[in-house]
Amino acid sequence: GVTWKCSKGRAEPTVEKDGLELTCSCPLPGKPTGPISRIKTHFKSVLTISSLEPCDTGCSSAKGFLRVEGIAYCCPSNKKPTVQKQESFLGDYKIKCGCKGRI
């Protein structure tokens, strides 16, 4: 099975499935300030992958990987994934990763 973890064991991740997409989110350190703090209690790091061809961040033994902003992403096939940073108007860090050339 798949094990989902937040970095440095900070918290339990929230994992959701929507069709063929899996989304894992973890709280980021720090608290929102200013007007956004009225609607948001914390910022999140969010990774969205395909459930059919999942992308991973546990790439220590992967032959092919792609590093984006200091994080290595890899595919089970050892091919480089397609990684896209997504806009977030609420301050979250969102990444979408795919392994078959599509995301």
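Small disclaimer: the values here were computed from a predicted structure and weren't measured.

## Comments concerning the sheet that holds strand β1 (residues 14–18)
Consideration 1: Strand order across the open sheet formed by 5 strands is β1-β2-β3-β7-β6, with mixed pairing between neighbours. One side of each edge strand has no neighbouring strand; the edge strands of this open sheet are β1 and β6 (82–86). Averaged over all pairs of adjacent strands, the angle between their axes in this sheet comes to 20 degrees, without regard to strand direction.

## Considerations on the nonpolar core
Consideration 1: Within the largest apolar cluster, 12 residues are counted, these being L22, L47, I49, C55, V68, Y73, C75, V83, Y93, I95, C97 and C99.
Consideration 2: Secondary structure elements with two or more residues in this core: β3 (44–50) and β7 (93–98).
Consideration 3: Among the elements that make up this core, the one with the highest residue count is β7 (3 residues).

## Details of the state of the cysteines
Consideration 1: This model, assessed by the stated rule, comprises 4 disulfides.
Consideration 2: Here C59 is linked by a disulfide to C74, with a sulfur-sulfur distance of 2.2 Å. Of note, the bridge from C59 to C74 carries an S-S torsion of about -95 degrees and is left-handed in sense. Here C74 lies in strand β5 (residues 71–74) and C59 lies in the loop between β3 and β4 (65–68), a separation of 15 residues in the sequence.

Parameters at a glance
- The numbering scheme is per chain: residues are counted from 1 as the chain's sequence reads.
- Side-chain atom pairs in this predicted model are given and counted only at pLDDT of 80 or more, local residue features only at pLDDT of at least 70, and totals for whole chains, interfaces and linings cover all residues.
- Values shown for side chains rest on all heavy atoms present in the structure; no hydrogens or waters enter the calculation.
- DSSP calls a pair of strands paired once it identifies at least 2 bridges connecting them.
- Runs of H or I in DSSP of at least four residues are treated as helices and runs of E of at least two as strands, each being numbered from the N terminus.
- Working convention: axes come from line fits to C-alpha atoms, limited for helices to the stretch in contact. Angles between N-to-C directions cover 0 to 180 degrees.
- Among buried residues, those of type Ala, Val, Leu, Ile, Met, Phe, Trp, Tyr and Cys that are joined through side-chain atoms within 4.5 Å constitute a nonpolar core.
- Burial classification: accessible surface area is computed with a 1.4 Å probe over protein chains only, and a residue below 20% of its type maximum counts as buried, one above 50% as exposed, and the rest as partly exposed.
- Throughout, disulfides are identified as pairs of cysteine sulfur atoms within 2.5 Å of each other.

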